[in-house]
Amino acid sequence: MKTFSIAKSRRLRSTPYTSRIEKQGVTAYSIYNHMLLPAAFGSIEDSYNHLKKNVQVWDVAGERQVEIIGNDAAKLVQLMTCRDLSKSRDGRCYYCPIIDDKGGLINDPVILRFNINRWWISIADSDVILFAKGLAIGNKFEVDIFEPDVNIMAVQGPKSFKLMEKIFGEKITKLKFFDFDYFEFKGTKHLIARSGWSKQGGYEVYVENTSSGLELYDHLFDMGKEFDVKPGCPNLIERIESALLSYGNDMDNNDNPFECGFDKYINLDSNVVFLGKENLKKIQSLGIKRKLMGVQIDAKSINVSGSIDLKDENNNKIGELRSGCYSPYFGKVIGIAMIKKPFWEVSQTLKIDINDQTFDGKVCDLPFI
Ligand code: THG
């Protein structure tokens, strides 16, 4: 098989950690917000087993920040999301679907509130900054919108708590899930949140001071030897088992937040103003015709690029698989699929062709575990 490499350029951005992870054995990249996002360090299954037991440091600088400051900052942030942020508070993160006027998903970021006039939108892979600027211009909002030089480093896994305590002291273990605060490392304050794109626990360091951040990166590996620290990255198997959705893979602008199971982040009853509200009300009253569900397939491997049709026994298409992997936990392939009504019922049987072979599967709830 021919192998290809990614041609780097200014348009395809490196991160401050790239030279380090290349020395540490990164074997695959994905591209996220026009930036390199490591996708593998050797075997994804080995990394998955390691992540569930130990601690890893991840270069997730591709999770870019869109900073919004100014007197209309709160108005603009609220205009973009169907989640009611009127009772949000400073120092907290909020997972929020961003939608357009039709109710189509634009992104599913984590939104950080510093104060009512300063927010960061920590984005998944789409150009939210352009959408935000368009809305601000059209509405003549008094805001500044820009991408600050912030490069997130995630520390994930059950031993992340001990490792971070060793460096930042006991105070960091008191940080609640989705809260953030500043913690000092050798005289430099770093914004740290208890969050991350795994369900194994951990932190995200929003590095603004790059040289101190790189020193911290190296220090994590020095101090982490006793916890078997390794470089890692968002892990396909772990994130599918945990049903952490990936924008662009599991859902995109053609899907609405009800179809994606975001019901608890949709507030149609409060009087907050956001784009697409009337259309979401319409969608809610008509009822959705498809939704994201889990599937389990009696196969030992799968490679999803694009999407793969799911069929019933009469070969009618009942949905499409959008992400999938072999799960060591279940001993079979699991995946995230958009399934048509009425086939979305748990235990609905299905067929799928993988590498010219047909396999049986069934629909199940998300998350798998
Ligand atoms: N961290 C930060 N930015 C990000 C991501 C991140 N931007 C891109 C991408 N990931 C956005 N997508 C998600 C998806 C899920 C979660 C976070 C970001 C997540 N969900 C929890 C869950 O589903 O259980 C918690 C949700 C909640 O309680 O509100 O953590 O990972 N900085």
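Each chain has its residues counted from 1, following the order in which its sequence is written. Local features are withheld for residues below a pLDDT of 70 in this predicted model, meaning they are given only at 70 or higher, and side-chain atom pairs are given and counted only at 80 or more; totals for whole chains, interfaces and linings count all residues. Computation of side-chain values: all heavy atoms of the structure, hydrogens and water removed.

1. Some remarks on the sheet that holds strand S4 (residues 65-69)
Reasoning step 1: When DSSP finds two or more bridges between a pair of strands, those strands are recorded as paired. The way it works is that DSSP assigns letters per residue, a run of H or I at least four long becomes a helix, a run of E at least two long becomes a strand, and they are numbered from the N terminus. Reading across from one edge, S5-S8-S9-S4-S10 is the order of the 5 strands in this open sheet, with antiparallel pairing throughout. Edge positions in the sheet fall to strand S5 (92-95) and strand S10 (144-146), since each of these pairs with one other strand and no more. Across the sheet, the mean angle separating the axes of adjacent strands is 20° when strand polarity is ignored.
Reasoning step 2: In this sheet, S10 lies alongside S4 in antiparallel orientation, the contact comprising 3 bridges. In the sheet register, Glu67 faces S10, and the bridge partner there is Phe146.
Reasoning step 3: Throughout, a residue-residue contact means that at least one pair of heavy atoms, one from each residue, lies within 4.5 Å. An axis is simply a line fitted to the C-alpha atoms; with a helix, the fit covers only the stretch in contact. Between two such axes, the angle follows the N-to-C directions and lies from 0 to 180 degrees. Against the sheet, helix H3 (residues 73-80) contacts S4, strand S8 (110-115), strand S9 (118-122) and S10, and its axis sits at roughly 135° relative to S4.
Reasoning step 4: Docked against the sheet, helix H4 (residues 128-138) engages S4 and S10, running at close to 165° with respect to S10.

2. Focus: the sheet that holds strand S14 (residues 202-207)
Reasoning step 1: Spatially, 6 strands are ordered S12-S13-S14-S11-S3-S15 in an open sheet, and the strand pairing comes out mixed. Edge positions in the sheet fall to strand S12 (180-185) and strand S15 (230-232), since each of these pairs with one other strand and no more. Shown here is a sheet whose adjacent strand axes are inclined to one another by a mean of 30°, direction ignored.
Reasoning step 2: Here strand S11 (residues 151-156) pairs with S14 via 6 bridges, running antiparallel. When the bridges of S14 are listed, Ile152 appears paired with Tyr206.
Reasoning step 3: Each of strand S3 (56-59), S11 and S15 is contacted by helix H2 (residues 44-53), which is oriented at about 120° to S3, the strand it contacts most.
Reasoning step 4: Contacting S3, S11, S12, strand S13 (188-193), S14 and S15, helix H6 (residues 210-223) runs over the sheet at an angle of about 20° to S11.

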